[in-house]
Amino acid sequence: MEIIVGKSSGFCFGVKNAIDGAEKELKNNSTIYCLGEIIHNEEVIKDLESKGLVIVDNIDDVKNSVIIRSHGVPKYVYDTAKEKNIQLLDFTCPFVLKIHETALKYSKNNYFIFLLGIKTHPETIGSISFCGSNSYLIENFDDISSAIDKFNSSNLNNLLVISQTTFSVSLFEDIVNEIKNKINKNVNIEVKNTICNTTSIRQKETEEIAKKVDLMIIIGGKHSSNTKKLYEIANINCTNSILIQTKDDLSNEYLKHFNRIGIMAGASTPQNIIEGVVDFCKI
């Protein structure tokens, strides 16, 4: 059996930064609060909770200090923390923070903003709050007409298009092209592809590996947006593609039917879980 493991598998910079930061805080404190899951990986969350991490859903449930997770938070959280004198241990991914800064800058300069992303994802929920009232969240092609209608009613002539950091690269490009085709030609459109480079590389590598193998295994959390995208890409390019969280989701009986296996892991998947899957496949 041949096993091909994606070189770009595993923790991205933003995730590693958040986990390292939380681990450091837990060494000095028996309990640390985190506003939402710090990353989307159940195994990592369980490990951090065993060390004293307590996940809360509302800033009002915090008294002294709280971790801001890698996905970032809505603007009101910063305002509330300042009002209540709550210390923020901000481990938001730098690429997400850059989107917040860009959104604030352009909204102040009379730009309407289209944000492309998954509507229920915490990163997107946070980012849209920095875009101001002249904005629209686009998840798929069905949202484009309504977005353009709202833009037209704003009487603005400048449009910025940005994206969730882990959005599908191909879908971003297709939606942008559709927007350009439908929008008034006199509109000044500025497009910033804010999908992080690691996401782009991982999606491309997943596609390349999936075309070469009999089975494609994607490793990641159930709620991880970037992992779901990898699975979608794998599924398009390999008939046999599965999404798992750990080696416990695999069986020898199933694996024996394949001669060449590809493995890719999402940005929230730690190295020990990846190695566990690889070792299991070698048995």
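The sections below set out a description of the structure shown in this document. All figures in this text were calculated on a predicted structure; none of them were measured in a lab.

**Some thoughts on the packing of helix H1 (residues 13-28) against helix H2 (residues 42-50)**
Argument step 1. At a minimum axis separation of 10 Å, H1 and H2 run at an interaxial angle of 15 degrees. Considered as vectors, H1 and H2 are oriented roughly parallel to each other. In this structure, H1 crosses over H2, and the sense of that crossing is left-handed. Contacts between H1 and H2 involve Ile-19, Glu-23 and Leu-26 on the former and, on the latter, Val-44, Asp-47 and Leu-48.
Argument step 2. Counted by class, the contact of H1 with H2 contains four nonpolar, no polar and two charged residues.

**Re the packing of aromatic side chains**
Argument step 1. Here the structure, examined in full by the defined rule, presents six aromatic pairs.
Argument step 2. Among the aromatic residues, those joined into a cluster by ring pairs are Phe-112, Phe-114 and Phe-151.

**Structural notes on the pairing of strand E7 (residues 135-138)**
Argument step 1. Bridge count between strand E6 (residues 111-116) and E7: four bridges; the pairing is parallel. Within the sheet, the bridge partner assigned to Phe-114 lies in E7 and is Tyr-136.
Argument step 2. Following the chain from E6 across helix H5 (residues 122-128) to the adjacent parallel E7, one finds a crossover that is right-handed.

**Concerning unusual backbone geometry**
Argument step 1. Positive phi, normally seen in glycine, also occurs at Asn-85, with a value near 60 degrees.
Argument step 2. Despite not being glycine, Asn-110 has its phi angle at roughly 65 degrees, a positive value.
Argument step 3. Looking at where Asn-110 falls in the secondary structure, it is placed in the loop between helix H4 (94-108) and E6.

Calculation rules
Residues numbered from 1 in each chain as written. Predicted model: local features only at pLDDT ≥ 70, side-chain atom pairs only at ≥ 80, totals over all residues. Heavy atoms only, no water. Axes fitted to C-alpha atoms, helices over the stretch in contact; angles between N-to-C directions. Helix = DSSP H or I, 4+ residues; strand = E, 2+ residues; numbered from the N terminus. Parallel < 35°, antiparallel > 145°, perpendicular 65-115°, else oblique. Left-handed = near helix turned anticlockwise from the far one by under 90°. Contact = heavy atoms within 4.5 Å. Nonpolar A, V, L, I, M, F, W, Y, C, P; charged D, E, K, R; others polar. Phe/Tyr/Trp six-rings, centres within 6.5 Å; stacked < 30°, edge-to-face > 60°. Pairing = 2+ DSSP bridges. Right-handed = clockwise from strand over helix to strand, strands pointing away.

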